[in-house]
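Secondary and tertiary structure notes
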Amino acid sequence: MEYQEGTPVCHLRNFMEEVAGGESHNVKRRHVTRTMKSYQKLTTAVPQPAACWVEEEGAAPTPAGRGKLAPWWVGSGLLVAAVLLSAITVWVLRQVSGGWPGPMLPPKCLLVPESHRFDCYPERRVVVTQELCESRGCCFIESPPLAGGKRGVPWCFYPPDFPSYTLESLNQTALGMVGLLVRREKAYYPRDIEMLRLDVEFETDTRLHIKITDAANPRYEVPLEVPRAMKRAENPIYSLDLSRDPFGVLLRRRATGTVLLNTTVAPLIFADQFLQIATSLPSKFLYGLGEHRGTLLHSLDWNTLTLWARDVPPTESFNLYGAHPFYLLMEEGGDAHGVFLLNSNAMEVALQPAPGLTWRTIGGVLDFYIFLGPDPNMVIQQYQQVIGFPAMPPLWALGFHLCRWGYGSSNETWQTVRAMRNYQIPQDAQWNDIDYMDGYRDFTFDPQKFVSLPSLVEDLHKHGQHYVMILDPGISSTNPHGSYWPFDEGLKRGLFLNTTQGQPLIGQVWPGFTAFADFSNPDTHQWWLENLQRFHAHVPFDGLWIDMNEPSNFMDGSEDGCPPGELDSPPYTPAVLGDSLSAKTVCASAKQKASVHYNLHNLYGLMEARATASALIQIRGKRPFVISRSTFPSQGRYSGHWLGDNRSQWKDMYYSIPGLLSFSLFGIPLVGADICGFSGSTSEELCTRWMQLGAFYPFARNHNTQNEKAQDPTVFSPAARTAMKDVLLTRYSLLPFLYTLFHRAHLQGDTVARPLFFEFPWDVATLGLDRQFLWGRSLLVTPVLEPGVDSVTGYVPRGVWYDFYTGSSVNSSGEMMKMSAPLEHLNLHVREGAILPTQKPATTSEATQGNPLRLIVALSSSATAWGDLFWDDGKSLDTFERGSYSYLVFNVTQNIFTSTVLHASTEATEVTISTLNIFGVREPPSKVLLNGQEKPFSYLKNQVLTVSNLGLSLSQGFSLQWL
């Protein structure tokens, strides 16, 4: 179907609904080329675009509206309002401008409420004057500045009739539609693109794909493999309207009518190096948009979040190590949706109280995926269906990791390992920071101080432990020719980032002057592998820690700065720390195999992680373990992440929780912060509390900087050391549960660490909670986050919750509760209806794996429960895909516990189930039958039934009944 010039495209709801696969509920379907009566849109809570005029049947054709009507105020309402306002215009003007008597403002500017003012002059470090503002064709109204130099209501904002694009034509395609957008009047950034192509694909019933790009010339696009839809969605849970002039997208949830996106609230701008699109939001509950330090729930109070990978200790409002242009939004009533902008250029997202959001990026295309949920868990699953599900980690990755910068020698490192064993404190991996290297050069180790490193690694392996070391992407460039193979070979093969002149770009990192590996080049992956193979022959490491991969540079740009030009000095620079794209990184103009660094910067860590995971698989033939500092969507397929260079402070401990929950949303479940803090000096109390919290990070590592006193568990008082050991043993006892959660993440994109609102989306009290979290759907962690207390107040969602340690129950109506929390105690609660597989803990995951299992059953108020267990050898590649695993489902109904083996493998025959703890058994049983045979049991007055010495093989199903 083609729309000719003069045919109204705006609000052809019946056509749009047909495209979206549903029957219109506003207009009966008619032949689309007939002229149609104009009709009013459904009224919604967001301001609506003006309807463009469409032909009345039988009337002479009238041209489609020029879009000079206010996009927020329909038709004649504007005239009425103007008349009403004219009398008070001068008074209002005097108020807003502190009484200045300057020229009269057009009434259209006064019609825009403050919260709906979309910024027309977002440039930083510029005092926006009326003259500057009006040169862009925008409205100027001064408002009082905010305290602390924060940005508030924009003084310069778009008038309702600011020129935008017009939707000139629209054709149906197999998957949706394709349209042509035309801009008749240039906007104010250079190289405006006048004709854009709009592609809309109804990919699934819960996923919509909208892409806007240059209609005439190819542009850089993120080289990410995304799924291709093969057929159009048949019953989408969304409906889409397009506005013709100004062009805009209006997306609704069908079930509720909620408007999820309305992009007519501000003009679309698409210049070569400035792309901007804004939308209203249906609520103020917005999450995601990483990587930043702050609360889990973002403030919409004129808050700008910048996405540009940067090496800086986590600080509020700074752009940090990774870039994740994805947000999750909770709608009223508990529904959720997500929006992903697949774009890797420098970007900022401006949030405002309307509520509204503006995307600004300085390159690439506007490639949006919208995920309709409808619940938050499903949104995150749908997001990962596009970016890829996370890799299954080896079991040892889920044990406790210990590291510091400044061990000084392999012998001192070894002493720490021995001390941990001596006190029988669980530890799966020992790490080293850059001090193991010779002159901080990659793929070397210090021949004096770390001479015993190969022996240390051999000893770790003998004890079922693992070794991980750090690697940086900056390769030392100053060694005599022939003395340092990594640089010589990289130079010979042309594998480094180059300057615009075609020479390796030289920056400075730990070893001094360095070149930077270009991981966008497949040949670099081979060179990286060869370097790692050569090193592994001497030091058989098990995992790799890739740091400094933003990439970080101690200089701005390079030893020669950066050349003049629009890559290093673009027409618009987002609000990046340092006010320059090259601040503490390489020049944006640097040349890489796939494109210029301007486009690839945010992908650097992802590409290095991909090369590193691939090398580990080839070297070890087992599941890779990689932890990366810089990240981008799809990173979870190759690595985990730690939250960077935090400080030994109470507030840093708190901020780790929103940090780890955000990365759960980003599809990187293997995440944690440096336990006890990296920089600064910890205290015994802080470190004890932090070890308790950190024992419930999916990735648990205690790490410390150089020249600070040691903070591993062995150096503290007996009381603190015991508290730390106990909580690590608790973690190790929960490894079967945690490992199963990671399996579900790998299989279908479930989160591991989970915000409370994911499980209780209708409970508005949970929407801002970020001082507690869940493992999966059923284990509630309530840590102490402040000094000098022996209790903690936490939210307990509605229902029955059981104390993890004792099985005593608490029945909550959804309320804050004060819990006892002496220094040695971490509050853990099990949700009714859950079954948790646990295991007798040992000091390594390997030793734990052979121990008997204990199943914790938390009966619901209707005396039912459910749980599952995924079990394999903990290290082999693709065990699920190859079928070498066991999968069990546990169920309780009518006082009968059943274990059903849905898939079995040999590993399961070596493990037994020894104990069942059943919480919430209301009446003392008279007898307990295992597969029909009587078994001894114990029953406590807090309603806990325990059946021990079962000795059942994990590979056998069974049933247990209490009467």
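Residues numbered from 1 in each chain as written. Predicted model: local features only at pLDDT ≥ 70, side-chain atom pairs only at ≥ 80, totals over all residues. Heavy atoms only, no water.

For the protein chain, an unreviewed UniProt entry supplies the name Lysosomal alpha-glucosidase-like and the organism Grus japonensis. Listed under Sequence similarities (unreviewed entry) in UniProt, the entry text for the protein chain is "Belongs to the glycosyl hydrolase 31 family." The record in UniProt for the protein chain states the following under Subcellular location (unreviewed entry): "Membrane". (UniProt positions renumbered as here; feature names shortened; annotations may be inferred.)

1. Topic: the overall build of the protein chain
The secondary structure content of the protein chain amounts to 18 helices and 50 strands. Expressed as a percentage of its 963 residues, the buried residues of the protein chain come to 63%. Taking contacts inside the protein chain between residues at least 6 apart in sequence as the whole, the part at least 24 apart equals 69%. Just so you have it, the protein chain exposes about 34300 Å², and 53% of that area is on carbon and sulfur atoms. (Helix = DSSP H or I, 4+ residues; strand = E, 2+ residues; numbered from the N terminus. Buried < 20%, exposed > 50% of the residue type's maximum accessible area, 1.4 Å probe, protein only. Contact = heavy atoms within 4.5 Å. Areas by Shrake-Rupley, 256 points an atom, 1.4 Å probe, with all protein chains shown as cover.)

2. Concerning unusual backbone geometry
Cis rather than trans, the peptide bond between A354 and P355 has omega equal to 0 degrees. Relative to the assigned elements, P355 resides in the loop between β16 (347-352) and β17 (356-361). The omega torsion across G373 and P374 is 15 degrees, close enough to zero to call that bond cis. With respect to the secondary-structure elements, P374 resides in the loop between β18 (366-371) and α5 (376-387). A positive phi is found at S634, a non-glycine position, where the angle reads about 95 degrees. Along the chain, the position of S634 falls in the loop between β26 (626-628) and β27 (640-642). You will see that N707, though not glycine, has its phi angle at about 65 degrees, which is positive. Counting through the fold element by element, N707 comes out in the loop between β30 (700-702) and α14 (718-733). You can call N707 exposed: its relative accessible area is 73%.

3. Focus: the pattern of salt bridges
Throughout the structure, instances matching the rule amount to 41 salt bridges. The closest approach of N and O atoms between D161 and K108, which form a salt bridge, is 3.1 Å. Of the two residues, D161 sits in the loop between β2 (156-157) and β3 (165-172) while K108 sits in helix α3 (residues 107-110), which places them 53 residues apart along the sequence. Look at K108 and you get partly exposed, because its relative accessible area is 28%. Overlapping salt bridges bring together D311, D547, E550, R629 and D645 as one network. (Salt bridge = Lys/Arg side-chain N within 4 Å of Asp/Glu carboxyl O.)

4. Some details on the pairing of strand β21 (residues 466-471)
Along β21, 6 of the 6 residues are buried, which leaves the element largely enclosed by surrounding structure. The alternating pattern of β21 places H466, V468 and I470 on one face and Y467, M469 and L471 on the opposite face, and all of these are buried. In the sheet, strand β20 (residues 429-432) pairs with β21 via 4 bridges, with the strands oriented parallel. Its bridge partner lying in β21, W431 is registered against V468. Note on the crossover from β20 through helix α7 (residues 453-462) to β21: the handedness is right-handed. The pairing of β21 with strand β25 (residues 543-546) spans 4 bridges and is classified as parallel. Bridging from a neighbouring strand, M469 pairs with L544 of β25. (Pairing = 2+ DSSP bridges. Right-handed = clockwise from strand over helix to strand, strands pointing away.)

5. With respect to the confidence of the model for the protein chain
Detail in the predicted coordinates should be disregarded across regions flagged by low pLDDT. On average, residues of the protein chain score 91 in pLDDT, and 89% of them reach the 70 mark or higher. Ignoring residues within four places in sequence, the model shows residues 1-102, a span with pLDDT below 50, making 178 contacts including any to other chains. (pLDDT = per-residue confidence, 0-100.)

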